[in-house]
Amino acid sequence: MRSILVSCWTLLVGMCIVGICVGVQSSLIAIRAEHEGFSTATIGWVMSGYFLGFLLGSIRAPIVIKRVGHIRAFGALASLASISILIHALFIDHFVWFLMRFISGFAFSAIYVVAESWLNDKADNKNRGTLLSIYMVTMFTGVGAGQFLLNVGSPQSFEQFTLVSILISAALIPMLVTATDAPKISSGQKVAFSALTKTAPLGILIAFLSQCSYASIFGMGPVYATRLGMDVNQIAIFIAAFVTGGVLLQWPIGRISDKLDRRVIIAILAALASVTMYYLANLNSENLMHLYLMMALLGACILPLYSLGMAHTNDYLEREQMIGASSALVRVGGTGAVVGAPTVAMVMSYFGNEYYFYTISVFPALICLYALWRITRRKQQHHDGSLLVIAPTTTSDAALSELVKDNSKEK
């Protein structure tokens, strides 16, 4: 493992910078939109553009990579992401912002495909889970740290948009100087969505509802915090606490789920997440430390759900089916992300800011209830104790299945 880390540390550094950019960009645009007087529903619609682009990117980006190669694709799409964030500062218009968020989502999705295919190529079955776990922690650390760049300059000025653009360009450097051959894509078996819903329906539901939750928190969380009366520094801590909780406990929770029935762990985490959100809904900016602690607990409960859902799904599949299943789950999750933020924004628009957490709490509550019901329907499939931890903000092997299918056709 040490030799692998030595060979790919520049890649991990570059992706940490990408994580910083993704983290600060989401909060920055939400806060700026609030200051510009965009309606709650409009902000939700604008923020959903990223997830829509990400969903399309997970499907189409591998085709671009196959056509021009990993290095050229990475360079071109990182430049596109760099340009799109600057356009936000030039044109204060909700339609332009939606389009730029869409482009950003597409570009970052392709960047993840390049990075993760590189890591998969360096790993084997004995260390792949560990390596991708390190990658996930690196990414989420960047997302959390990125929140504090909101303190550099002001969201109402041009400075922070320029800083994000510079960082995206800087993230290119470690990747482009990495001396390694282009990754090889191994073949996999396509899994029909209808078959997957019969084999692991809980995994499908978790993919959809967990991403509804993530998109609502990352997309509308800064708007909610602004309306509670928080300043920029407090908003940064608010979102960073959520990410930190998830980073610290995702691996221990994953290890526990390897030894017990995953559905029990999923039900417990989902129930705790829902209860924590009900508690958060009754806190205000006068209870900041309490608010931060509860956000960390929420992150610890809700961020591992996606990887647990994928691990549960893989428990019922053959190894050659896992890439195809991952592709299906990413598309379901992407759909959930597109739906989540606008739905919560509409509820906030009609019923008020206080319904923000009440609305999101419905998503994990449904996961909990369905997981408990599934426990009564069949026994847990025996799993081998190797949980592949996957970040919900990345594409994992899923998008690579498109390359797999293309390679299979050529053969």
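Residues numbered from 1 in each chain as written. Predicted model: local features only at pLDDT ≥ 70, side-chain atom pairs only at ≥ 80, totals over all residues. Heavy atoms only, no water.

Caption draft 1: How the structure looks around the overall build of the chain. Of regular secondary structure, the chain possesses 16 helices and 0 strands. Counted over contacts in the chain with a minimum sequence separation of 6, partners at least 24 positions apart contribute 87%. Accessible surface for the chain amounts to roughly 16100 Å². Of this, 63% is attributable to carbon and sulfur atoms. (Helix = DSSP H or I, 4+ residues; strand = E, 2+ residues; numbered from the N terminus. Contact = heavy atoms within 4.5 Å. Areas by Shrake-Rupley, 256 points an atom, 1.4 Å probe, with all protein chains shown as cover.)

Caption draft 2: Local environment of the confidence of the model for the chain. Here the chain averages 81 in pLDDT, while 81% of its residues score no lower than 70. Least confident of the elements in the chain is helix α16 (residues 400-410), whose mean pLDDT is 48; most confident is helix α14 (residues 356-360), at 95. Scored below 50 in pLDDT, residues 385-389 makes 19 contacts in the model with residues more than four places away or belonging to other chains. In the predicted structure, residues 400-408 sits below a pLDDT of 50 and forms 23 contacts with residues beyond four places in sequence or in another chain. (pLDDT = per-residue confidence, 0-100.)

Caption draft 3: Structural detail: the side chain of Ser307. Mapped onto the elements of the fold, Ser307 is located in helix α12 (residues 305-314). For Ser307, a relative accessible area of 2% puts it in the buried group. A polar contact of 3.0 Å, which involves the side chain of Ser307, links it to the backbone oxygen of Pro304. (Buried < 20%, exposed > 50% of the residue type's maximum accessible area, 1.4 Å probe, protein only. Polar contact = N/O pair within 3.5 Å; in protein donor to acceptor, adjacent residues only side chain to side chain.)

Caption draft 4: Region of interest: the pattern of salt bridges. Evaluation of the coordinates by the stated rule reveals 3 salt bridges. A salt bridge links Arg263 to Asp261, with the shortest nitrogen-to-oxygen separation between them at 2.9 Å. Given a relative accessible area of 2%, Arg263 falls into the buried group. (Salt bridge = Lys/Arg side-chain N within 4 Å of Asp/Glu carboxyl O.)

Caption draft 5: Just the packing of helix α10 (residues 262-280) against helix α11 (residues 288-302), in detail. With their axes 8 Å apart at the nearest point, α10 and α11 run at an angle of 155 degrees to one another. Between α10 and α11, the angle is such that the two are roughly antiparallel. For α10 against α11, the interelement crossing comes out left-handed. Contact residues: Leu269, Leu272, Ala273, Thr276, Met277, Tyr279 and Leu280 in α10; His290, Leu291, Met294, Met295, Leu297, Leu298, Ala300, Cys301 and Ile302 in α11. For the contact of α10 with α11, the per-class residue count stands at 14 nonpolar, 2 polar and no charged. (Axes fitted to C-alpha atoms, helices over the stretch in contact; angles between N-to-C directions. Parallel < 35°, antiparallel > 145°, perpendicular 65-115°, else oblique. Left-handed = near helix turned anticlockwise from the far one by under 90°. Nonpolar A, V, L, I, M, F, W, Y, C, P; charged D, E, K, R; others polar.)

Caption draft 6: Molecular detail of the environment of Leu56. Looking at the secondary structure, you find Leu56 in helix α2 (residues 40-68). Take Leu56: its relative accessible area is 34%, and that puts it in the partly exposed class. Considered as a pair, Leu56 and Ser109 are 53 residues apart in the sequence and their alpha carbons are 8.6 Å apart. Sequence-distant contacts of Leu56, that is, excluding residues within four places in its chain, are made with Ala61, Phe102 and Phe106.

Caption draft 7: Fine view of α11. An ideal rise of 1.5 Å per residue puts 21 Å on 15 residues; α11 measures up with 21 Å between its terminal C-alpha atoms. Buried residues of α11: Leu288, Leu291, Tyr292, Met294, Met295, Leu298, Gly299, Ala300, Cys301 and Ile302, and no others. Summarising the contacts, the buried residues of α11 are in contact with α8 (201-227), α9 (232-259), α10, α12, α14 and α15 (362-377). (Expected span 1.5 Å × (residues − 1).)

Caption draft 8: Here's a closer look at the packing of aromatic side chains. Using the criterion set out here, one finds 15 aromatic pairs in the structure. Between Tyr355 and Tyr358, the aromatic rings sit 5.9 Å apart at their centres with planes inclined by 65 degrees, giving edge-to-face as the arrangement. On the accessibility criterion, Tyr358 (25% relative accessible area) is partly exposed. Cluster of aromatic residues (ring-pair linked, three or more members): Tyr50, Phe51, Phe54, Phe108 and Tyr112. (Phe/Tyr/Trp six-rings, centres within 6.5 Å; stacked < 30°, edge-to-face > 60°.)

Caption draft 9: View of a nonpolar patch on the surface. Residues Ile71, Ile173, Leu176 and Val177 make up a contiguous nonpolar surface patch of roughly 370 Å² in combined accessible area. As for its placement among the helices and strands, Ile71 is situated in helix α3 (residues 70-90). (Patch = residues over 30% accessible without salt bridge, like charges linked within 9 Å, V, L, I, M, F, W, Y side chains within 5 Å.)

Caption draft 10: Structural detail: the nonpolar core. In this structure, Phe108, Tyr112, Phe238, Leu298 and Phe357 are the most contacted members of the largest nonpolar core, which totals 121 residues. Not counting the four nearest positions on each side in its chain, Phe108 is found in contact with Val18, Cys21, Val22, Gln25, Tyr50, Phe54, Ala81 and Ile168. (Core = buried A, V, L, I, M, F, W, Y, C linked by side-chain atoms within 4.5 Å.)

Caption draft 11: Highlighting the packing of α9 against α11. Taken N-terminus to C-terminus, the directions of α9 and α11 make an angle of 40 degrees; their axes are 6 Å apart at the nearest point. Considering how the two elements wind past one another, α9 and α11 form a crossing that is right-handed. Between α9, through Gln234, Ile237, Phe238, Ala241, Phe242, Gly245, Gly246, Leu249 and Ile253, and α11, the contact on the second element is made entirely by Leu288, Leu291, Tyr292, Met295, Ala296, Leu298, Gly299, Ala300 and Ile302. Residue classes in the contact of α9 with α11 are distributed as 14 nonpolar, 4 polar and no charged.

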